[in-house]
Amino acid sequence: MDDIDLTALDRFACGFPHGIFDRLRAKAPVWWHPPTAHTPDGEGFWVLSRYADIVAAAADADTFSSRGGGNRSGGGTIIEDLPADWAAGVLLNMMDDPRHARVRRLLTPSVAPRTLRLIEEELRGRATAIVAAAIAKGECDFLLDLAAELPLQAVAQLLGVPQQDRHQLFAWANVALDYEDRELGEVTARTRQAVAETRAYGAQLLAAKRIEPAEDLMSLAANATIDGEPLSDMEQAMLFSLLIAAGSETTRNSIALGMAALIERPDVWRRLREDRTLVDGAVEEMLRWASSTPYNRRTATRDHTLGGQRIRAGDKVTLWWASANRDAEVFTDPHRFDIERRPNPHLAFGRGGHFCLGSALARMEMRVVFTALLDQVGTAELTGPIEHTRSNKHTGVRHMPVRLTAVG
Ligand code: HEM
């Protein structure tokens, strides 16, 4: 295992390193990753790679906290410790119950399938227009022109952000999430500025929603109370940043990597065009295949034994969803892209109390985008190499040059 360094981002520059995780699952499923030159905080961390261990840890939030544990002041769900004043314990995904459950309960109705059905028709119209525009271009960047657009338009609508501002938010989120010019744990002036501008935009939006609430998620967050108290200003602002990032980044990457899988398999593309009952299964397989959120971290709150290894209170523990999704104990022939895989209990949306709040929205967006593509596109081909995201936190693509040809 000496050559494995999951904090060296170059290892992720050509896509998720499945080979490394095949080895870890076989030889060291609960592995202590020693600190390396790239490791944030100069600290090692545990790496869980098998499905069963990951499910067990995700289900036990008392032992594996999303906020922190041991003597840490910060914590959170990425490898580097984030401070407690704006992230750990403040961001919804980095809180523990009972606060987490109460804030989550406020938001759940806004992203429930019943609510989403009300916007499905509109999203269909948007997707049809997005695909038509990409075809009209001849050659396009599938990521920017197509995959990014619907998730961005949808999240803007859901949060109550004016559509004309969505590209600015997208640009800030890109800078904040991309590791193009920095290493793990490193903050540059560019990232600091992008994070600050997103937060300032969010604060202004929230202030406006307090004065004039509408039927959107940010109006809800701005005016909701728990035990008679509003969410703190920081909780509200961070919720906005989280939803913009979570709502656009992951879904666009799943759409792009899903399309790349279909372009490589023209027979599957043809079958989907002929039989639309296969689309839902294809979306599930794309989610498993892409696993666009490769891992989330927890912090052990107490000493605990897992897979024969002694984990100590305060240790960082990483749950690699992308590895669980290729575990042969659960998925037959796991490195095969199979749109008819049944069952397909993938962990792309995580598991347990923090299970993705936007899963129904992401599934709907993917269904709507691929239906529009299958309706309008006859053939799709890559016209250049795919540029992958150099990150261990988001598996996805930066650019994907394609030619889409209209149905003949
Ligand atoms: C394909 C697309 C998506 C993927 C792969 C994905 C993945 C995930 C994963 C793995 C988690 C669990 C984090 C953890 O356990 O620490 C999560 C949580 C979350 N996701 Fe998603 N997500 C997607 C789309 C979305 C969308 C569209 C939204 C928003 C509208 C969203 C909002 C959230 C939120 C708010 C949480 C935190 C939930 C909580 O802590 O209770 N996600 N997502």
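(A) Focus on the packing of aromatic side chains. In total, this model carries 11 aromatic pairs according to the counting rule given. Seen from their ring centres, Trp-289 and Phe-337 are 5.4 Å apart, and the 70° between their planes marks the pair as edge-to-face. Of this pair, Trp-289 sits in helix H12 (residues 279-290) while Phe-337 sits in the loop between helix H13 (321-324) and helix H14 (359-376), placing them 48 residues apart in sequence. Comparing Trp-289 with Phe-337, the two get one shared label, buried. Taken together, the aromatic side chains of Phe-12, Phe-16, Phe-21, Tyr-295 and Trp-320 make up a single cluster linked through ring pairs. The ring of Phe-331 carries the charged tip of Arg-288 above its face, separated from the ring centre by 5.3 Å. Between the NZ or CZ atom of Arg-326 and the centre of the ring of Trp-289, over which it lies, the distance is 4.1 Å.

(B) Representation of empty space enclosed by the protein. The tally for this structure, following the rule as stated, stands at 3 cavities of 30 Å³ or more. There is about 40 Å³ of room inside the largest cavity. In this structure, the largest cavity is lined by Val-90, Leu-91, Leu-92, Met-95, Val-103, Leu-231, Glu-235 and Leu-239.

(C) Quick peek at the nonpolar core. Counting residues in each nonpolar core, the largest one holds 106 residues, and the members touching the most others are Phe-142, Met-259, Leu-373 and Leu-404. The greatest single-element share of this core, amounting to 14 residues, is contributed by helix H10 (residues 233-263). Grouped together as the second largest cluster of nonpolar side chains are 18 residues, Val-30, Ile-54, Leu-306 and Ile-311 included.

(D) Structural detail: H12. The terminal C-alpha atoms of H12 lie 16 Å apart, and with 12 residues this matches the ideal 16 Å at 1.5 Å per residue to within 8%. The secondary structure elements touched by the buried residues of H12 are H10, helix H11 (266-274) and H14.

(E) Seen up close, the side chain of Asn-325. Among the secondary structure elements, Asn-325 is positioned in the loop between H13 and H14. Its relative accessible area of 0% is what places Asn-325 among the buried residues.

(F) Summary view of the pattern of salt bridges. Scanning all chains against the criterion turns up 29 salt bridges. Close ionic contact of Arg-102 with Asp-227 constitutes a salt bridge, the shortest N to O distance being 2.9 Å. With Arg-102 in helix H3 (residues 99-107) and Asp-227 in the loop between strand S5 (225-226) and strand S6 (229-230), this residue pair connects regions lying 125 residues apart in the sequence. Beyond isolated ion pairs, a larger network of salt bridges with shared partners links Asp-41, Glu-43, Arg-72, Asp-81, Arg-297 and Lys-316.

(G) Representation of the sheet that holds strand S1 (residues 30-33) within the structure. Here we have 5 strands laid out as an open sheet, ordered S1-S2-S10-S7-S3, and mixed in their pairing. Only two strands of the sheet have a single partner each, and these edge strands are S1 and strand S3 (64-65).

(H) Seen up close, the pairing of strand S10 (residues 316-319). Of the two faces of S10, the one carrying Lys-316 and Thr-318 and the one carrying Val-317 and Leu-319 are both buried. Where strand S2 (residues 45-48) meets S10, 3 bridges bridge the pair, whose relative direction is parallel. Each bridged residue has a counterpart across the sheet, and for Trp-46 the counterpart in S10 is Val-317. The sheet contact formed by strand S7 (residues 296-300) and S10 spans 4 bridges and is antiparallel. Residue Thr-299 lies in a different strand from S10, and its bridge partner there is Lys-316.

Definitions and cut-offs
Residues numbered from 1 in each chain as written. Predicted model: local features only at pLDDT ≥ 70, side-chain atom pairs only at ≥ 80, totals over all residues. Heavy atoms only, no water. Phe/Tyr/Trp six-rings, centres within 6.5 Å; stacked < 30°, edge-to-face > 60°. Helix = DSSP H or I, 4+ residues; strand = E, 2+ residues; numbered from the N terminus. Buried < 20%, exposed > 50% of the residue type's maximum accessible area, 1.4 Å probe, protein only. Lys NZ or Arg CZ within 6 Å of the ring centre and 35° of its normal. 1 Å grid on protein atoms, 1.4 Å probe; cavity = no way out; pocket = protein on both sides within 12 Å on 5 of 7 lines; lining within 4 Å. Points joined across faces, edges and corners; volume = space filled by probe spheres on them. Core = buried A, V, L, I, M, F, W, Y, C linked by side-chain atoms within 4.5 Å. Expected span 1.5 Å × (residues − 1). Contact = heavy atoms within 4.5 Å. Salt bridge = Lys/Arg side-chain N within 4 Å of Asp/Glu carboxyl O. Pairing = 2+ DSSP bridges.

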